[in-house]
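Architecture and fold: a report
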Amino acid sequence: MPVKAIPKVSIPRNGVSSFVRPCYKVSLQYCNWGGSSQGVRDFLTHPNKLVDRFAQNNKDVMFEILSKGGHPTFTFHYANGQKQAVDVRNLKVGDVARKLQEYMHRSGNEPFKFNHKVLSNNESVRGIWSPFHVAKNDRHRI
Amino acid sequence: MISYINYFVSYTNTPGSCRTPNLRKVFQIQTLQKLEIRSFPFTTPNIAPVMLRLLLRNSRLAPRRLPATTRITVASYNTAQLDTSLGPKYDSITDYGSYRNSVFTHRLPESTALQSPQLAALHSRLRLPQEYTFSTLSQALNMDKFGGLANNFGLSTLGKTFLSYYISEHLLLKYPRLPMPVHNAAVDAYMGVEVLAEIGRSWGIEVDRSSKLDKALAKEPEFLQYGRLRYLSERSKELKAEETGVHELSAEELQTMNNSTHQFVHRETEAFASSVRAIIGGIYTHCGEEATKTFIHSHILSRKVPLQEMFQFSRPTMELARVCEKLGLEDPLEIRLIAETGRLSSHAIFMAGAFVGKEKLGEGVGSSLGEAKTRAVVNALISYYMYSPISAEGTEIKLPSEEKYQFEGIVGTGDVAI
């Protein structure tokens, strides 16, 4: 008769009292020769030291720079195990920086359309309206 | 050609100052241990011999071997096991300062650890204080006992102790009437191996999977491995092609095998969990108790545990009647019908309430009278068990680990069910 327990696993709430950025590693892969890598090469050797500044401002992300033949690709590694390869061929320096910024801020989950007002782990604070809690005389009679 | 950018110029190399544990806390931990040990008979079945006898008497079959309970139960979280594989020596068993391993291990030099980009990123991602050295962080990720480098066993044990202390404290103070099995399951929900492993993965800890040969062929700098979780042996790294769907259990995994559910703790899961515990232990070593508490509260206790979904009542009405009796309520427990609609239709709805005199303990809605009654009773029980005290100002109550702690909050009549 005593109470038994149903084992459960705690639900993560990243952002409640602590935040760990989901993107933990970025590999910037470029080619030293190909024309499609020109933007990435410009980004890496920019006189304003763009990569240095990026890494200084995002110390929680590990940057890996790979020189390899072929079109340039940025690979983003996320905490949920997802790897996202982003094609950055023929992009200008500004666009390369924008791509990097955009994907580093993602959670790694696929974007999806959500057609409801609230998405939450918690129950509604107000509760669900109940017809039974209205005074008996005011209730709708069938 | 691979080049790595390391950005950790601002981190200074400060030698880690190890503090001696606060005596008060050690005492509290010991009292907690006693509490758990006292409650142990409730959780372990002592009826094995009786069952065996019954089996022998009633069945013609040979007595089945009862499943071995080698899996570590929640109640034994606090009992640290002495690791004998490194040949520990001590003057006296209670003099923890005299414990020394006779197998030689050395700590990773801080200058080498500082070169690892993964460690710099992890340090920054967890917002660890500057006193937390990179070599300790690297040690927290090392499970390899015989590689010559210090492993994370001690740090992990330390972290486990702090985790179980602060989580039990939180649960006991916030939900003083929680029944013991639910309390244990809630502790597991916060700091079970699977949960800690999930946390470790969400921190972006990587496993070192490449063998020495691979590293040499890829011309990988040596310091890169120190930022990865090292638990695989050189042999298992070389045997990469594991057949899908077939997994050979190691000795450690066999020990965690639960015969009734056929589930075991994967070595990788255990490795991730122990690294998380060790990182927490490292916070205590470098930054002290307050920082450890803050870290556990913000990373572990901030997760949501659906406590009201963790109760399973077999005979709720009887249990509620017993609770009422225990509380010494004068009026008898009554289940009354509050409202109903469409009794003769196919979609009837009833609303029942569990009352004691004029007091309503709980109410429930169901599509039959029985369902409504059971829901009302279960709601009443859950609202009793999940009672949470608040201070006179209406704020959250203080915890014993806070300064100038005084017991407050009204627990109410009857025993506190811990």
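Structure shown above.
The following paragraphs examine the structure supplied in this document. Keep in mind that this is a model prediction, so the values were computed, not measured. (Residues numbered from 1 in each chain as written. Chains lettered and ligands numbered in written order. Predicted model: local features only at pLDDT ≥ 70, side-chain atom pairs only at ≥ 80, totals over all residues. Heavy atoms only, no water.)

1. Section: the side chain of Lys-215 of chain B
Residue and element names in this part refer to chain B.
- For Lys-215, the position within the fold is in helix 10 (residues 212-217).
- You can call Lys-215 buried: its relative accessible area is 12%.
- One polar contact links Lys-215 to Asp-208, side chain to side chain, over a distance of 2.9 Å.
- Sequence-distant contacts of Lys-215, defined by excluding residues within four places in its chain, comprise Asp-208, Ser-210, Glu-220, Gln-225 and Lys-237. (Helix = DSSP H or I, 4+ residues; strand = E, 2+ residues; numbered from the N terminus. Buried < 20%, exposed > 50% of the residue type's maximum accessible area, 1.4 Å probe, protein only. Polar contact = N/O pair within 3.5 Å; in protein donor to acceptor, adjacent residues only side chain to side chain. Contact = heavy atoms within 4.5 Å.)

2. Notes on the pattern of salt bridges
Residue and element names in this part refer to chain B.
- With the rule as written, the count across this model stands at 19 salt bridges over all chains.
- The shortest N-O distance in the salt bridge between Glu-270 and Arg-277 comes to 3.8 Å.
- For Glu-270, a relative accessible area of 28% corresponds to the partly exposed category.
- Arg-277 gets classed as buried once you look at its relative accessible area, which sits at 8%.
- Linking Lys-360 and Glu-363 is a salt bridge whose minimum nitrogen-to-oxygen distance equals 2.6 Å.
- Accessibility expressed as a relative area gives 43% for Lys-360, which makes it partly exposed.
- The network of salt bridges with common partners includes Asp-208, Lys-215, Glu-220, Arg-228, Glu-234 and Lys-237. (Salt bridge = Lys/Arg side-chain N within 4 Å of Asp/Glu carboxyl O.)

3. What about the nonpolar core?
- Within the largest apolar cluster, 78 residues are counted, with the highest numbers of intra-cluster contacts made by Ile-167, Trp-203, Ile-279, Ile-300, Leu-307 and Phe-311 of chain B.
- Broken down by element, this core gets its largest block of residues, 10 residues, from helix 13 (residues 267-287) of chain B.
- Mapped onto the domain boundaries, this core takes at least three residues apiece from domain 1 (23-309) and domain 2 (316-385) of chain B.
- Counting 24 residues, the second-largest nonpolar core is a separate cluster that includes Cys-23, Tyr-30, Leu-50 and Phe-63 of chain A. (Core = buried A, V, L, I, M, F, W, Y, C linked by side-chain atoms within 4.5 Å. Domains from an automatic or database assignment.)

4. As for the interface of chain B and chain A
- Contact with chain B, which involves 55 residues of that partner, is made by 41 residues of chain A.
- At the boundary of chain B with chain A, total buried surface from both sides reaches about 4200 Å², with 58% on carbon and sulfur atoms.
- Connecting chain B to chain A are 2 salt bridges.
- Across the pair Glu-206 of chain B and Lys-25 of chain A runs a salt bridge whose closest N-O atoms are separated by 3.4 Å.
- Here chain B and chain A share 16 residue pairs in polar contact (both at pLDDT 80 or more) between them.
- Examining the composition of the side of chain B that touches chain A, we find that 6 residues originate from one element, helix 5 (residues 117-125) of chain B, more than from any other.
- As judged from the 2 bridges shared by strand 1 (residues 4-5) of chain A and strand 4 (residues 311-312) of chain B, these two strands associate in the antiparallel manner. Bridge pairing in strand 4 of chain B links Ala-5 of chain A to Phe-311 of chain B. (Buried area = accessible area lost by both parts, 1.4 Å probe. Pairing = 2+ DSSP bridges.)

5. Looking at the packing of aromatic side chains
- Under the defined criterion, the tally for this structure stands at 11 aromatic pairs over all chains.
- Here the aromatic cluster, defined as three or more aromatic residues joined through ring pairs, consists of Phe-162, Tyr-165, Tyr-166 and Tyr-284 of chain B.
- Across from the ring centre of Tyr-103 of chain A, 4.3 Å away, lies the NZ or CZ of Arg-106 of chain A, which sits over that ring.
- In this structure, Arg-177 of chain B packs its charged tip against the face of Tyr-387 of chain B, placed 4.3 Å from the ring centre. (Phe/Tyr/Trp six-rings, centres within 6.5 Å; stacked < 30°, edge-to-face > 60°. Lys NZ or Arg CZ within 6 Å of the ring centre and 35° of its normal.)

6. What to know about the sheet that holds strand 6 (residues 349-356) of chain B
Residue and element names in this part refer to chain B.
- Read from one edge to the other, the open sheet built from 3 strands follows the order 5-6-7, with strand pairing classed as antiparallel. In the strand order of this sheet, the two ends are held by strand 5 (333-341) and strand 7 (359-366), each with one partner. Direction aside, the axes of adjacent strands within the sheet are offset by 20° on average.
- Both strand 5 and strand 6 contribute to a ladder of 8 bridges, which runs antiparallel. The residue bridging Ile-335 from the neighbouring strand is Ala-354, located in strand 6.
- Across the sheet, helix 15 (residues 316-327) lies against strand 5, strand 6 and strand 7, angled at about 130° from strand 5, the strand it touches most.
- Sitting on the sheet, helix 16 (residues 369-385) is in contact with strand 5, strand 6 and strand 7, with an inclination near 135° to strand 7. (Axes fitted to C-alpha atoms, helices over the stretch in contact; angles between N-to-C directions.)

7. Notes on the pairing of strand 2 (residues 23-30) of chain A
Residues and elements named next belong to chain A.
- Burial of strand 2 is extensive: 8 of the 8 residues sit out of reach of the surface.
- Relative to strand 4 (residues 73-78), strand 2 runs antiparallel, the two being bridged by 6 bridges. Residue Leu-28 lies in a different strand from strand 4, and its bridge partner there is Phe-74.
- The pairing of strand 2 with strand 3 (residues 62-67) spans 6 bridges and is parallel. Within the sheet, the bridge partner assigned to Lys-25 lies in strand 3 and is Met-62.

Geometry only, nothing functional implied.
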